Amino acid sequence: MELKGRIIYKGKIQGQALVTSMPISFYGGVDPNTGIVLEKGHELQGQSIKDKILVFPQGKGSTVGSYTLYRMKKNGTAPSALINKETETIIAVGAIISEIPCIDKLDITKFKTGDKVTIENDTAIIT
Amino acid sequence: MELTKQEQAMLDGKEGYAVRKSMEILVALGEIFGAKNLIDVGSVQVAGVSYHNLGDAGLEFLNSLAEDGRVKVLTTLNPAGMDLENWQQLGIEPEFAEKQNLVIDAFQRMGILVSCTCTPYLIGNLPIYGEHLAWSESSAVTFANSVLGAKTNREGGPSALAAAFVGKTPCYGLHLEENRMADIHVKVNAELGKLSDWGALGYAIGKKAENKIPYITNIKNAQLDELKSFCASSVTYGAKPLFYIKGITPGAELQKQPDQIVTIEQADLKNAYDNINDDVSDIDFVCVGCPHCSIKEIQEIAELLMGKKVKEGTELWVATSRTVKQLSDKRGYTVTIEAAGGKFACDTCMAVAPLKGRFKALATTSAKGCFYSRQNLMKTKMGSMKECINAAVSGKWN
């Protein structure tokens, strides 16, 4: 299946999807040293987002979250790409400064955890 | 978004890494918020200065920008996590101070005026009516939009920095006239006496006009310090960073009175105090200057402290900008305040300093200060300058 979105940060990458229907707060909600989601009650609590194609509706919480993504990229614990329903400021700025491919404005309910996903510019291909 | 040739060249990296990254941020935000183009900004005010909030990740990013990034317009900073000179006396750990200084060094290399204050308009970063800006700090943004009639969105730290390196910001939100129309009429029937009443008013209006632009009527007069306090409070408690006060702020005369109306009665102010004030009588921390004290407020503090001593076991902090502190030095207020045992906290404030667990109960003039101090696990009391200084001297809230 091919889905077309909007480019927030351009890139070409292939990986395994990790999907949640809940927004993510990177500052405080994710451990930048391990990539594990810490937020209590979050669908992904205890799971690692490292090297995953992370599919989630949008970011939330502190704007410091942009810097957390940057730190994760430096630590080697960042997701390999981000797919959003609608990217907001925190994630957009985080993706750009960390150079993590990011697209939004596509139907994220089409993705299932474990799907093999290829991102190429504004298109996500599920195989 | 449409870019000029020069903007496209910046996006393509012709001016180096910092400008390219900045353009990527501005273009992405412009696309997200539906901007058609970029507009020139007159000045920038950057938040995200406290190492407490930035951490090592933020510091690393700032260092990477500082390599080739130089600001194109007048740029000042929000408060840092400590007084940059007097940090030891305020109980800041040396490890924290070292990191905080590295943050400031990075900003210094970018060509930013490293004056750290939430009241840039009191120290020479003073916009004019109608000027476009990229400011971050919420009370300063509200003051610029409402009291000065300038135009700015509430920028995050990175987007403000990006605007400084490019000299432009995407044109959306409060930069556009059609988004600056008042959409709720707030009639104030309550009497406003002491300074903290303006904080209480901001709380009441913030809650009743959540995410709206209030058109406020029935206020007879207002002073700078009162508006400064109101700006901090209304936006902290939920309103948009823009309001109009009929007969007082610029542009109010151009507004059509909105049909939706709410009133603020004496009971609403009392309710604000009841919500902000905890049940506590022993005070171990008194902090005034949120937003940073003006010279007039410092004069009042000095007069109230003349011949008195701050109670042992209670700390009094006067938070202000370094520039205003220099005026205070010249007038002799500093000597009076320090002789009484009060401490100056320049360049910083109670919202961004690492204070969690240090104090149990705060007395302050500021509704915003109470909001952030609760996150630092303090009980809070809000009152007039006189009540706060009395608390510092007696260690009690009466």
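Residues numbered from 1 in each chain as written. Chains lettered and ligands numbered in written order. Predicted model: local features only at pLDDT ≥ 70, side-chain atom pairs only at ≥ 80, totals over all residues.

What is the right way to read the overall build of chain B from this model?
Check the secondary structure of chain B and you find 14 helices and 15 strands. By the compact-globule yardstick of 21 Å for 398 residues, chain B fits well, its C-alpha radius of gyration being 21 Å. (Helix = DSSP H or I, 4+ residues; strand = E, 2+ residues; numbered from the N terminus. Rg over C-alpha atoms; globule rule 2.2 N^0.38 Å.)

Mind showing me how you'd approach the interface of chain A and chain B here?
Interface size is commonly expressed as the accessible surface area that is lost when the partners come together. Every contact between the two is made by 16 residues of chain A and, on the other side, 18 residues of chain B. No other element matches helix 2 (residues 65-75) of chain A, which puts six residues into the side of chain A that touches chain B. (Contact = placed C-beta atoms within 7 Å.)

Sorry if this is basic, but what is going on with the packing of helix 2 (residues 17-32) of chain B against helix 6 (residues 157-166) of chain B here?
Two quantities define a packed helix pair, namely the angle between the helix axes and the distance between the axes. Residue and element names in this part refer to chain B. Interhelical geometry of helix 2 versus helix 6 gives an angle of 120 degrees and a closest axis separation of 8 Å. Between helix 2 and helix 6, the angle is such that the two are oblique. Classified by chirality, the crossing of helix 6 by helix 2 is left-handed. Contacts between helix 2 and helix 6 involve Ala-18, Val-19, Ser-22, Met-23, Ile-25, Leu-26 and Leu-29 on the former and, on the latter, Pro-158, Ser-159, Ala-162, Ala-163, Phe-165 and Val-166. Along the lines of polarity and charge, the residues of the contact of helix 2 with helix 6 split into eleven nonpolar, two polar and no charged. (Axes fitted to C-alpha atoms, helices over the stretch in contact; angles between N-to-C directions. Parallel < 35°, antiparallel > 145°, perpendicular 65-115°, else oblique. Left-handed = near helix turned anticlockwise from the far one by under 90°. Nonpolar A, V, L, I, M, F, W, Y, C, P; charged D, E, K, R; others polar.)

I would appreciate a short explanation of the packing of helix 7 (residues 195-208) of chain B against helix 9 (residues 266-276) of chain B in the present structure.
Residue and element names in this part refer to chain B. Between helix 7 and helix 9, the least distance of the axes is 8 Å, while the angle of their chain directions is 95 degrees. Compared by their axis directions, helix 7 and helix 9 come out roughly perpendicular. On helix 9, the residues that touch Asp-197, Ala-200, Leu-201, Tyr-203 and Ala-204 of helix 7 are Asp-268, Leu-269, Ala-272, Tyr-273 and Ile-276. Partitioned by chemical class, the residues of the contact of helix 7 with helix 9 number eight nonpolar, no polar and two charged.

Before we go on, may I ask you to explain the confidence of the model for chain B in this structure?
Close reading of the predicted structure is inappropriate where its pLDDT is low. Per-residue confidence for chain B averages 96 on the pLDDT scale, and 100% of its residues sit at or above 70. Across the assembled chains, the prediction reports ipTM 0.79 with pTM 0.92. (pLDDT = per-residue confidence, 0-100.)

Looking at this structure, I do not really get the domain arrangement of chain B. What am I missing?
Residue and element names in this part refer to chain B. For chain B, the assigned domains read domain 1 (5-177), domain 2 (181-275) and domain 3 (278-394). For domain 2 and domain 3, the distance between their C-alpha centroids amounts to 25 Å. The interface of domain 2 with domain 3 comprises 15 residues on the first partner and 14 residues on the second. Put simply, the parts of the chain that give the side of domain 2 that touches domain 3 at least two residues each are helix 7 and helix 8 (224-236). With seven residues, helix 8 is the single largest residue contributor to the side of domain 2 that touches domain 3. (Domains from an automatic or database assignment.)

What exactly am I supposed to notice about the sheet that holds strand 3 (residues 74-77) of chain B here?
Two modes of strand pairing occur in sheets, parallel and antiparallel, and in both the strands are linked by backbone hydrogen bonds. All names here are of chain B. A sheet is described by the order of its strands in space; here four strands give the open sequence 4-3-2-5, paired in parallel fashion. Edge strands, defined here as strands with exactly one partner in the open sheet, are strand 4 (113-116) and strand 5 (134-135). Examined bridge by bridge, strand 2 (residues 43-46) and strand 3 share four bridges and lie parallel to one another. For Gln-45, the partnering residue across the bridge sits in strand 3 and is Thr-76. (Pairing = 2+ DSSP bridges.)

Can you help me understand the sheet that holds strand 7 (residues 116-120) of chain A in this one?
All names here are of chain A. Strand order in this open sheet of eight strands is 1-8-7-3-4-5-6-2, and the pairing throughout is mixed. Edge positions in the sheet fall to strand 1 (2-4) and strand 2 (6-9), since each has one partner strand and no second. In this sheet, adjacent strand axes meet at a mean angle of 30 degrees when their direction is disregarded. Strand direction decides the pairing type here: strand 4 (residues 53-56) and strand 5 (residues 81-84), joined by four bridges, are parallel. What sits directly across from Val-55, in strand 5, is Ile-83. Packing against the sheet, helix 3 (residues 89-98) makes contact with strand 2, strand 5 and strand 6 (102-104), and its axis sits at approximately 60 degrees to strand 2.

Explanation requested: the environment of Leu-305 of chain B in the structure shown.
Residues and elements named next belong to chain B. Along the chain, the position of Leu-305 falls in helix 10 (residues 295-305). The spacing of Leu-305 and Thr-336 is 31 residues in sequence and 7.3 Å in space, taken between C-alpha atoms. For Leu-305, the contacting residues outside a window of four places in its chain are Thr-336, Ile-337, Ala-340, Gly-342 and Ile-389.

Honestly, the environment of Thr-87 of chain A in this entry has me stumped. Any pointers?
With respect to the secondary-structure elements, Thr-87 of chain A resides in the loop between strand 5 and helix 3. Separated by 33 residues in the primary sequence, Thr-87 of chain A and Leu-54 of chain A have C-alpha atoms spaced 13 Å apart. For Thr-87 of chain A, the contacting residues outside a window of four places in its chain are Ile-8, Gln-58, Ala-92, Cys-102 and Asp-104 of chain A together with Ile-32 of chain B.

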